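So you can see what is in the structure, the chains are spelled out below.
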Amino acid sequence: MATPDFIRTIRASAGHQLLWLPGITAIVFDDDGRVLLGRRTDTRKWSVIGGIPEPGEQPAVCAVREVFEETAVRCVAERVVLVQALQPVTYPNGDLCQYMDITFRCRAVGGEARVNDDESLEVAWFDVDALPELHEFGVFRIKQAMSDAPTWFDATTFS
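Residues numbered from 1 in each chain as written. Predicted model: local features only at pLDDT ≥ 70, side-chain atom pairs only at ≥ 80, totals over all residues. Heavy atoms only, no water.

Undergrad: It is not clear to me how the nonpolar core should be interpreted in this structure. Could you clarify?
TA: A general feature of soluble globular proteins is that nonpolar side chains tend to end up buried together. Judged by nonpolar contacts, the single largest core of 15 residues is most densely connected at Val28, Val67 and Cys106. Of all the secondary-structure elements, those providing two or more residues to this core are strand E1 (19-29), helix H2 (59-71) and strand E7 (96-110). The element that contributes the greatest number of residues to this core is E7, accounting for 4 residues. For Cys106, the residues in contact, after removing those within four places along its chain, are Ala26, Ile27, Val28, Phe29, Ala63, Cys75, Val76, Ala77 and Glu78. Val35, Leu37, Val81 and Leu82 belong to the second largest nonpolar core, which has 12 residues in total. (Core = buried A, V, L, I, M, F, W, Y, C linked by side-chain atoms within 4.5 Å. Buried < 20%, exposed > 50% of the residue type's maximum accessible area, 1.4 Å probe, protein only. Helix = DSSP H or I, 4+ residues; strand = E, 2+ residues; numbered from the N terminus. Contact = heavy atoms within 4.5 Å.)

Undergrad: What am I meant to see in empty space enclosed by the protein here?
TA: Any empty space left between the atoms is revealed when a probe the size of a water molecule rolls over them. Under the definition given, this model contains 1 cavity of 30 Å³ or more. The volume enclosed by the largest cavity comes to roughly 90 Å³. If you go around the largest cavity, you meet 10 residues; those closest to its centre are Arg40, Val48, Glu70, Glu119 and Ser120. (1 Å grid on protein atoms, 1.4 Å probe; cavity = no way out; pocket = protein on both sides within 12 Å on 5 of 7 lines; lining within 4 Å. Points joined across faces, edges and corners; volume = space filled by probe spheres on them.)

Undergrad: Explain the pattern of salt bridges here, please?
TA: Side chains that differ in charge, positive against negative, can pair when their charged atoms come close. Under the definition given, this model contains 11 salt bridges. Residue Arg8 pairs with Asp5 through a salt bridge whose shortest N-O separation is 4.0 Å. Pair noted here: Arg8 and Asp5 are both in helix H1 (residues 5-14), with a separation of 3 residues, about one helical turn. When its relative accessible area of 60% is taken as the criterion, Asp5 is described as exposed. Between Arg141 and Asp101 there is a salt bridge; the shortest N-O distance is 2.9 Å. Taken together, the residues span a long stretch of sequence, with Arg141 in helix H3 (residues 136-146) and Asp101 in strand E7 at a distance of 40 residues. Residue Asp101 is classed as buried on the basis of its relative accessible area, which comes to 2%. A single network of salt bridges, built from pairs that share partners, joins Glu57, Arg65, Glu66 and Glu69. (Salt bridge = Lys/Arg side-chain N within 4 Å of Asp/Glu carboxyl O.)

Printed below as a string of structure tokens:
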């Protein structure tokens with residue numbers, strides 16, 4: 001994931017200390033019920049689509065923007081699927097971040113899936129019963145997005 005300019009500015013004075021940041025995940029389905037995934041350049045693994053909102057950007061607008069930027073697919077955000085504070089992450093350069101993830105179920109409304117930036121090696125639609133190997137983070141979000149259950153909230157605390 002490319003680091004947004006506003007975070008680079010913060011890092012210039014904050015150093016590697018923990019930054020608490022919003023994160024957005026978009027689970028995008030097409031009319032055939034397939035889910036859109038991207039194979040990331042940094043990990044070379046398949047993943048759900050996501051990113052960090054710009055300052056002042058609405059979360060649903062960020063979800064739609066990230067999907068288009070990464071995959072060239074146009075979508076609309078339909079509902080919030082999940083809200084979860086994630087465990088802190090230390091990046092290879094020593095930066096420490098913790099994300100508040102808001103996951104949206106989205107519906108594709110146009111565009112052809114293709115690599116649209118330098119964050120992905122491949123993008124593709126997958127039947128939900130034939131997903132490539134995914135981190136549990138993505139699998140859980142896809143399952144929640146397929147459900148009609150209310151928005152999922154994590155009630156656990158970090159120790």
